Amino acid sequence: MAELRQITLTVNGRQCQLDVEPRRLLVHCLRLDLGLTGTHIGCETAQCGACTVLLNGEAVKSCNLLAVQADGDTVVTIEGLAKDSQLHPIQEAFREKHAVQCGFCTPGMIMRACELLQKSPQPLEAEIRLALYGNLCRCTGYQHIVEAIQHAGELMVGQGVSR
Amino acid sequence: MNAQAPLIGSAIPRLEDTDLVQGAARYVGDLQIPQTLSVVFVRCPFGHARVKSLSFDRARQVPGFVAAFGPRDLEVLAKPMQPMNLDPDVAERTLRPLTDEPLYAGDAVAVVVAEDPYHAADVATAVDVIYDELPTVMDPNEAMKDGAPLVHADVPNNVAGRFSFSMGDVDATFAQADVTIRDRFNSPQITNASLEPRGVLAAPGGTNGETVTLWVSTQAPQVVRRCVAGALELHTNQVRVITPYVGGGFGPKGRPYPEEIAVAAIALNLGRPCRWEATRQEDFLSTYHGHGLSIDAELAARSDGTILGVRARILQDAGAYLLAGLIVPQYAAEHIIGPYHVQAADVQAIAAYTNKASLSPVRGGGREQGVFVMERLVDHLARQIGMDPVEIRKRNALRADEFPYDTHYPKRYGGTIIYDSGAFASYLDEVRALIGYDDVRRTQAAERNSGKYRGVAIALFAESTAMGKEGARVEVDDDGTVSLAVGSADTGQSHRTTMSQICASELGLGVEHIHFVSGDTLAMEVGTGTFASRFAVMAGNATALAAKQVRERAVALASELLGATPQALELCDGIFRVRTQQERCVTLAEVARQARAGGIPLCATHIFAPKNATTYAGAAHAAVVDVDVETGVVTVERYAVVHDSGTIINRSVVHGQLHGGVVLGLGEALSEEIIYDPAGRLLTDSFQNYAIPRADQSPPFIVKEHSCASRNNPQGIKGVGENGAMGALPAIIGAVEDALAPLRLSLNDMPLRSEDLARVCAIAASAS
C-alpha cells in the first residue's frame, strides 16, 4: 500500500486536512472522506459530467483529478451553493423550470452553469447547449435545463448576484 | 397554497426538487451505514467460455481482503433465477449470480468483498481466472442454423421462442393490392445508459440476523423482493426492498438481477452490510440490453393510398438469457397496425439466443419498432404513389367517432386490441401547423439547389399504456396531515409530486400536507414497477380511490360530529364546515383523532387491478432536420409533438417525459449501437464509444396537448413515458429521407451514422 500524503483542501469554505493515498480521486475524497455525496459518479472516462465541481472557480470533472493534485486548492460542491437555507438562483431556476427528473446529472449541471454564468451572464441558447457538451442527461432531453440556465442568468442579474 | 385551486392539471414545481438541487438526495452509493463492506464481481470478458481454474490465493493476500466466493462457495450463488414468464412456448433460461460457464461478456464468475471500494478493486484484480474460450454465436440468424454453436445445450437451434398474430385474410388482401411496399428494418441492441449505474446495498437485520433489507437502484422493488426471497428461501416478510433516489431506469432496471441475490446472500453470510456499485463499464456489460430486432415487413395498398394489410417477420435477438419473456417482439407486433384501418395482418416472431447480454424492454419496449415499421412503410408508399405523407395518413387514420375501436388484432393472452379513445386526424392537422410543415415544403426544393438539405416528416401512432396492479394506502394522521404510500419506485417520473396532487385534491388539502413514500415494500407491498407507461394510470387511480374512501368516511364522521347531513358539508384547507353556517366546523385532524379513538383509524388501501387496465394513448410527432451531405451529420432543427395522454396531472412533468423520450429516440436513430466482436467481447463499453445525445445535439421542442380521456380508468389518465421514444425514430429518419428526397433513400438500419450517410450521399453525387 502506498504511503498516505497529507493534503489541505478548502471545501465549501471549510479548511480540511486529509491523509490520502496518491491514487485517490478527488471525487472519492469529496464523497467518502468528507461525506459530500451530492457530487455523483456516472462514468469512469470523464464524459458524463455528473462529478463536476468548481476548483478555484473553474468547472472541473472531479473524477478526472487526483486528490493530491488539488492540494491547497479551493473546491465548491453542490452542497456549497445554498446560503443559510436560501437556494442559489441557479438552484431556484432549476426548480421553477422543471429541469430535474431523476436528479443524478443535476449537481454537475448546476456547477457547470455556475461557471458559465460567471463568465457569460446572459448566454444565448446555442451558447448554453455548447457549454453543456460535457454534461450528459438521459432524462430531460435538455430543453428545461437550458431554459433554467437562461432564467437563472436573469435572476442573477436581477439580484445583482455574480457567482 | 390555496387548496381550492384545482391540483390535478396544475403544473406546480416538483416537491422532489428542493433536495435534488442541493445534492441532498441519496442514491444507493450515497447511503452511509457503518461497517459497510464493498463488493466487486469478477466478470468474463468473452462471449462464451468455461472457467478452467479459479484461484483466490493472491487475492487473499491483498490488504483489506474480507472474503471471496466462487459458484460452489455458496449454494445460492450458482442457482438460476426464477423465470419471469412461465410461458410454455418460451424456452426461458435464466441467469445465476455466478457461473463456471459464462455465456456472455459480463457473466460473473466470482465475487470478492473488502473493507472499502479501492481495496475491493485491488482484490478483484488479484483473482486468477483461466478461461477456455468456446465458440460464440453473435447473430440471431446464424444462431438458428443447423450446426451453429449452442448458447444453452438443451435449447435446439438456439430458438428461445416463437409466436404469431393473425387477423383477416392476409393472402387475399395482398393478392388484391395495387401496390406492395417491402422493407427490412434493423434496430440493433442498445443500452439504457441511465446516468446512475446499477447498485445494491444489503444489510442483515432482525433480532437474530434473519432478515435482510436491500436498497436497490430499481424500478420494481416488489419484484426484486420476491425474487430475492425466493432465491434465498426466505419468507417475503423477511425481505424488505427500499428504493432510495434512483438515477434513471428506462426499462432495464425494471427486472430483477443476480447481483441483488448475491449481495443479499453475502450480507447475510458475513453478518455485515455489503454494497456493490457498478462501474460504467460494468453497467454497459451487464445491465440488460434493449431492442435487437430485425423486422421484414410488407404493406399492401390500393393505388389511392388506402392501406389494406400488413405482413411482418420479426427476428428478436434474445441475448444469452431470457428474463423478460418475449414481451419486446410482442409489443412490436401489437404496434405495427397503428391507428389506421387495417383489414388484415400477419406477424410471425422468433427469438434466438446469442452470446450477448440479456434482453429487456428499453423505453418503448418494442412498441417503437412496430411504429417505425408502419410509419416508414406508409412514407415509402406515399413516395411510390406520389401522395403527400400527411394526406395519406389522414386517408387511413381512425376517425374520432369510431372509438372505442376494436382492431380485431389478437392479444397474446386472449381478447383483441381495442383502442379506447383518440382523435388521430386532428393530431396530424395540429402538428402540421406546429412544426411549420408547409413552410418547409414551400422552400425546400429551392434550398436544395443552393446546397441546403432540409426535410420534414410526421409520425402518427397509438401507444398501449398501463398494465398490472398497483396499491395505494392513505391515512390521515392526528395532526391532519396525510400519509400516502404507493408501490412502484420513482426513477425520475415525479411520483411524489403527481400522487400528492391527486391525494391533496381529493382531501381538500395543500400538497405540502402529504407525506409520501414510494418504492418501499414495507410501506406498500403491491406494485408492478415503473415502466410500460403505467404509473400515472395505475398509481394515480389507486391513490384517487383510496383518498376517496378516506374522504367519504371522514365526511360521514364529520357530519355526525357536527349534527349535519353529509351533503350540507364542504371540505377546504383541512376543515369541514357546514356550508350555510360556516362557524359550525371541525378539522380533519379532529375527525382523524375521533376515528382512532373509536377504534378504526381514518385510513384506506386501494389495490387498483382492473381486468383491462391497458389504455391507448396517441400522438403525432414532427421533426425538421438539416442534413450536411459532406459529413452526413443530421441536425434536428426543431421538433413538435401533439399528444393525447388523457387526463393530465402536471403538464411540466408530461412535457419533460416527452422531451426526454424524444432525445433517447434521437440517440437510437443517429448514434447508439451496442457492438460485440466475433469472440463476444463488448466493444462499446463507455461513453467514449457509445454516444448518447448531448445538449448541443438535441432540438428545441413545441408540445401541445390534445387530451381524450381514457375510457378504461375512472381518472381518465393515459400513460406518456414512452411516447417520446416512439415517435422520434420515424419522425427523424423520415425527415432525413425527405431532406434527400431526390435520392429516394430507404434508411431502414439504425443507427443512421454520419459516416454511413456521408458515403451514401457521396455515391449518389458521383453517380449523377
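Located above this text is the structure these notes cover.
In this report, the structure presented in the accompanying data block is examined. Computed from a predicted structure; not experimentally measured. (Residues numbered from 1 in each chain as written. Chains lettered and ligands numbered in written order. Predicted model: local features only at pLDDT ≥ 70, side-chain atom pairs only at ≥ 80, totals over all residues. Heavy atoms only, no water.)

Quick word on the overall build of chain A
Under the convention used in this document: Starting at the N terminus, helices and strands are each numbered in turn, a helix being any DSSP run of H or I of at least four residues and a strand any DSSP run of E of at least two. The globule rule used for comparison is 2.2 Å times the number of residues to the exponent 0.38, while the radius of gyration itself is calculated over C-alpha atoms.
Counting secondary structure elements, chain A contains five helices and five strands. The secondary structure elements of chain A, listed N-terminal to C-terminal, are β-β-α-β-β-β-α-α-α-α. Whereas a compact globule of 163 residues would reach a radius of gyration of roughly 15 Å, chain A reaches 16 Å, a difference of no more than 12%. Seen through its principal axes, chain A has C-alpha atoms that stretch 50 × 30 × 25 Å.

Some points on the overall build of chain B
Operational definition: For every residue, the accessible area (1.4 Å probe, protein chains only) is compared with the maximum for its type, and the residue is labelled buried under 20%, exposed over 50%, or partly exposed between those bounds. For every accessible area listed, the method is Shrake-Rupley and the probe measures 1.4 Å; residues are considered covered only by the protein chains on display.
Counting secondary structure elements, chain B contains 19 helices and 27 strands. Computed over its C-alpha atoms, the radius of gyration of chain B comes to 27 Å, within 12% of the 27 Å expected for a compact globule of 768 residues. Over its C-alpha atoms, taken along the principal directions, chain B stretches across nearly 85 × 80 × 50 Å. Looking at chain B residue by residue over its 768 residues, the buried ones come to 63%. A total accessible area of about 26000 Å² is found for chain B, and carbon and sulfur atoms account for 50% of it.

Thoughts on the sheet that holds strand 24 (residues 603-608) of chain B
All names here are of chain B. To be explicit about the condition: In short, DSSP must find at least two bridges between two strands for them to pair. In this analysis an axis means a line fitted to C-alpha atoms, helices contributing only their contacting stretch, and an angle means the value between N-to-C directions, from 0 to 180 degrees.
Across the sheet, which stays open at both edges, the four strands sit in the order 20-19-18-24 with mixed pairing between neighbours. Both outer strands of the open sheet, strand 20 (514-518) and strand 24, are each paired with one neighbouring strand and no more. Each adjacent strand pair in this sheet contributes to an overall mean axis angle of 15 degrees, direction not counted. Note: strand 18 (residues 470-476) against strand 19 (residues 482-486), five bridges, orientation antiparallel. Bridging from a neighbouring strand, A472 pairs with V486 of strand 19.

As for the interface of chain B and chain A
Basically, it comes down to this: Note on definitions: a residue-residue contact is assigned when non-hydrogen atoms from the two residues lie within 4.5 Å. The term buried area refers to how much accessible surface (probe radius 1.4 Å) is lost by two components on association, counted for both of them together. Note on definitions: salt bridges are taken to be side-chain nitrogens of Lys or Arg within 4 Å of carboxyl oxygens of Asp or Glu.
Taken together, the contact pairs 57 residues of chain B with 50 residues of chain A. Summed over both partners, the interface of chain B with chain A buries about 4400 Å², with 56% contributed by carbon and sulfur atoms. Area buried by chain B at its contact with chain A is led by V21, Y118 and L195 of chain B, which between them contribute 19% of it. In this structure, the connection of chain B to chain A is made through three salt bridges.

Observations regarding the environment of A620 of chain B
All names here are of chain B. Tracing the backbone shows A620 in strand 25 (residues 615-627). Owing to a relative accessible area of 0%, A620 belongs among the buried residues under this scheme. For the pair formed by A620 and E115, sequence separation is 505 residues and the distance between their alpha carbons is 54 Å. Among residues more than four places away in sequence, those in contact with A620 are Y427, L428, V431, A459, L460, A640, V641 and V642.

Notes on the pairing of strand 27 (residues 701-705) of chain B
Residue and element names in this part refer to chain B. Filter applied, for reference: Whether a crossover is right-handed depends on one test, that the path from the first strand over the helix to the second runs clockwise when the strands point away from the viewer.
Pairing geometry for strand 26 (residues 634-644) and strand 27, over five bridges, is parallel. Bridge pairing in strand 27 places H643 opposite E705. Each parallel crossover has a hand, and for strand 26 linked through helix 17 (residues 651-670) to strand 27 it is right-handed.

A closer look at the packing of aromatic side chains
Under the convention used in this document: Stacked, tilted and edge-to-face are the three classes applied to pairs of Phe, Tyr and Trp rings, where Trp contributes its six-membered ring and a pair requires centres within 6.5 Å; stacked means planes under 30 degrees apart, edge-to-face means over 60, and tilted covers the rest. Put simply, a charge is over a ring when the Lys NZ or the Arg CZ is close to the ring centre, within 6 Å, and near the line of the ring normal, within 35 degrees.
The full count for this structure, using the stated rule, is 16 aromatic pairs over all chains. Here Y257 of chain B and Y288 of chain B contribute two aromatic rings whose centre-to-centre distance is 3.9 Å and whose plane-to-plane angle is 10 degrees, an arrangement assigned as stacked. Residue Y257 of chain B is found in the loop between strand 10 (239-242) and helix 7 (258-270), and its partner Y288 of chain B is found in the loop between helix 8 (280-286) and strand 12 (290-301); the two are separated by 31 residues along the sequence. Taking the relative accessible area as the measure of exposure, Y257 of chain B reaches 1% and is therefore buried. Ring geometry for F284 of chain B versus Y690 of chain B: centroids 5.3 Å apart, planes at 70 degrees, classification edge-to-face. Here Y690 of chain B lies in the loop between helix 17 and strand 27 and F284 of chain B lies in helix 8, a separation of 406 residues in the sequence. A relative accessible area of 1% places Y690 of chain B in the buried class. Three or more aromatic residues joined by ring pairs make a cluster, and in this case those are F104 of chain A together with Y27 and Y245 of chain B. One residue, R694 of chain B, lies across the ring of Y133 of chain A, its end atom 3.8 Å from the ring centre.

Side note on the sheet that holds strand 25 of chain B
Within a sheet, each strand pairs with its neighbour through backbone hydrogen bonds, oriented either parallel or antiparallel. Residue and element names in this part refer to chain B. A sheet is described by the order of its strands in space; here four strands give the open sequence 17-25-26-27, paired in mixed fashion. Two strands close off the open sheet at either side, each with one partner strand: strand 17 (453-465) and strand 27. On average, each strand axis in the sheet is tilted by 15 degrees relative to the strand beside it, whichever way the strands run. Sheet analysis places strand 25 next to strand 26, joined by ten bridges and oriented antiparallel. The residue bridging A619 from the neighbouring strand is H643, located in strand 26. Packed on one face of the sheet, helix 18 (residues 723-739) meets strand 17, strand 25 and strand 26 and runs near 155 degrees to strand 17.

Focus on helix 13 (residues 437-449) of chain B
Counting along an α-helix, one turn takes 3.6 residues, and residues three or four places apart therefore face a common direction. Just so we agree on the cut-off: What is called the bend at a residue is the angle between a pair of axes, fitted to the seven residues leading up to and ending at it and to the seven starting from it.
Along its length, helix 13 of chain B reaches its greatest deviation from straightness, about 40 degrees, at T443 of chain B. All buried positions along helix 13 of chain B are accounted for by Y437, V440, Q444 and R448 of chain B.

Looking at the side chain of T140 of chain A
The criterion, for reference: Under the rule applied, a polar contact is a pair of N or O atoms within 3.5 Å (in protein, one hydrogen donor and one hydrogen acceptor; residues adjacent in sequence only if both atoms are side-chain atoms).
In this structure, T140 of chain A sits in the loop between helix 4 (125-131) and helix 5 (143-159). Within the structure, the side chain of T140 of chain A is placed 2.9 Å from the backbone nitrogen of Y142 of chain A, a separation counted as a polar contact.

A few points about the environment of T52 of chain A
Residues and elements named next belong to chain A. Mapped onto the secondary structure, T52 falls in strand 3 (residues 52-55). Looking at T52, the relative accessible area reads 4%, which means it is buried. Each C-alpha atom, one on T52 and one on G134, is 9.4 Å from the other, the two residues being 82 residues apart in sequence. Discounting chain neighbours no more than four positions away, the residues touching T52 are A59, V60, K61, G108, M111, R112 and N135. Separated by 2.6 Å, the side chain of T52 and the backbone oxygen of G49 make a polar contact.

Observations regarding the pattern of salt bridges
With the rule as written, the count across this model stands at 61 salt bridges over all chains. The partner of E92 of chain A in a salt bridge is R95 of chain A, with the nearest N and O atoms 3.0 Å apart. Taken together, the positions of E92 of chain A and R95 of chain A, both in helix 2 (residues 89-96) and three residues apart, correspond to about one turn of that helix. Taken together, the salt bridges that share partners define one network made up of E375, R376, D379, R383, R393 and E737 of chain B.

Focus on the environment of A264 of chain B
With respect to the helices, strands and loops of the structure, A264 of chain B is situated in helix 7. Taking the C-alpha atoms as reference, A264 of chain B lies 46 Å from L460 of chain B; in sequence the two are 196 residues apart.

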